[in-house]
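# What the coordinates show
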Amino acid sequence: MSDNRANDTAAITTVLEDLYKAWDAGDADAFVAGYTPEATAIMPGSYRASREEIRQGMAAGFPSFLKGSTTTNRQLGIRFLGRDGAIVVSESGILFPGESEAPADRIVYATWVLEKRDDAWQIAAYHNSPAQSAS
């Protein structure tokens, strides 16, 4: 069982790494390649109800307000839900050209829900919330 979890962990990590690489390339189609067709994405002020809506949002953002941006990403943990489900928690930030560090107002905590379909892990849901500094 532990070998399967190690393989699953590696496969999930690859799905997310591929997504981050697609962001860096500004490629909306590659960005959603790891999403299920009925995936959802919730961000402050935004709800996207399918992979296609997510793709459209990224296709509009990459050449405009996200142009040239990259991301910083740190996986905080993976928790498995049975054999075919997993939750990943991460911390991410958006970097614009010339930045080496994301400012605090662009750091988010994210929850990724993944499911295994036909032996491949896919993103079923994504949600993020601005990180708040402890005060």
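Presented here is a report on the structure given in the accompanying data block. (Residues numbered from 1 in each chain as written. Predicted model: local features only at pLDDT ≥ 70, side-chain atom pairs only at ≥ 80, totals over all residues. Heavy atoms only, no water.)

### Digging into the nonpolar core
- Membership of the largest hydrophobic core comes to 26 residues, with the highest contact counts inside it found for F31, Y35, W112, L114 and I123.
- Top element by residues in this core is helix α1 (residues 2–25). It accounts for seven residues.
- For W112, the residues in contact, after removing those within four places along its chain, are L16, L19, Y20, Y35, A86, I87, V88, S90, I123, A125 and Y126. (Core = buried A, V, L, I, M, F, W, Y, C linked by side-chain atoms within 4.5 Å. Buried < 20%, exposed > 50% of the residue type's maximum accessible area, 1.4 Å probe, protein only. Helix = DSSP H or I, 4+ residues; strand = E, 2+ residues; numbered from the N terminus. Contact = heavy atoms within 4.5 Å.)

### Quick look at the packing of aromatic side chains
- Counted according to the given criterion, the structure contains seven aromatic pairs.
- Judged by centre distance (5.6 Å) and plane angle (80°), the rings of W23 and F62 are edge-to-face. Highlighted residues: W23 in helix α1 and F62 in the loop between α3 (51–61) and β3 (70–81), separated in sequence by 39 residues.
- Judged by relative accessible area, which is 12%, W23 ranks as buried. (Phe/Tyr/Trp six-rings, centres within 6.5 Å; stacked < 30°, edge-to-face > 60°.)

### Points about α3
- Burial in α3 covers these residues: I54, G57, M58 and G61. Buried positions in α3, seen along its axis, are confined to an arc of 95° and lie on one side of it. (Arc of directions from axis to C-beta.)

### What about the pattern of salt bridges?
- Under the definition given, this model contains eight salt bridges.
- The partner of D8 in a salt bridge is R5, with the nearest N and O atoms 2.7 Å apart. Highlighted residues: D8 and R5, both in helix α1, separated by three residues, approximately one helical turn.
- Taking the relative accessible area as the measure of exposure, R5 reaches 18% and is therefore buried. (Salt bridge = Lys/Arg side-chain N within 4 Å of Asp/Glu carboxyl O.)

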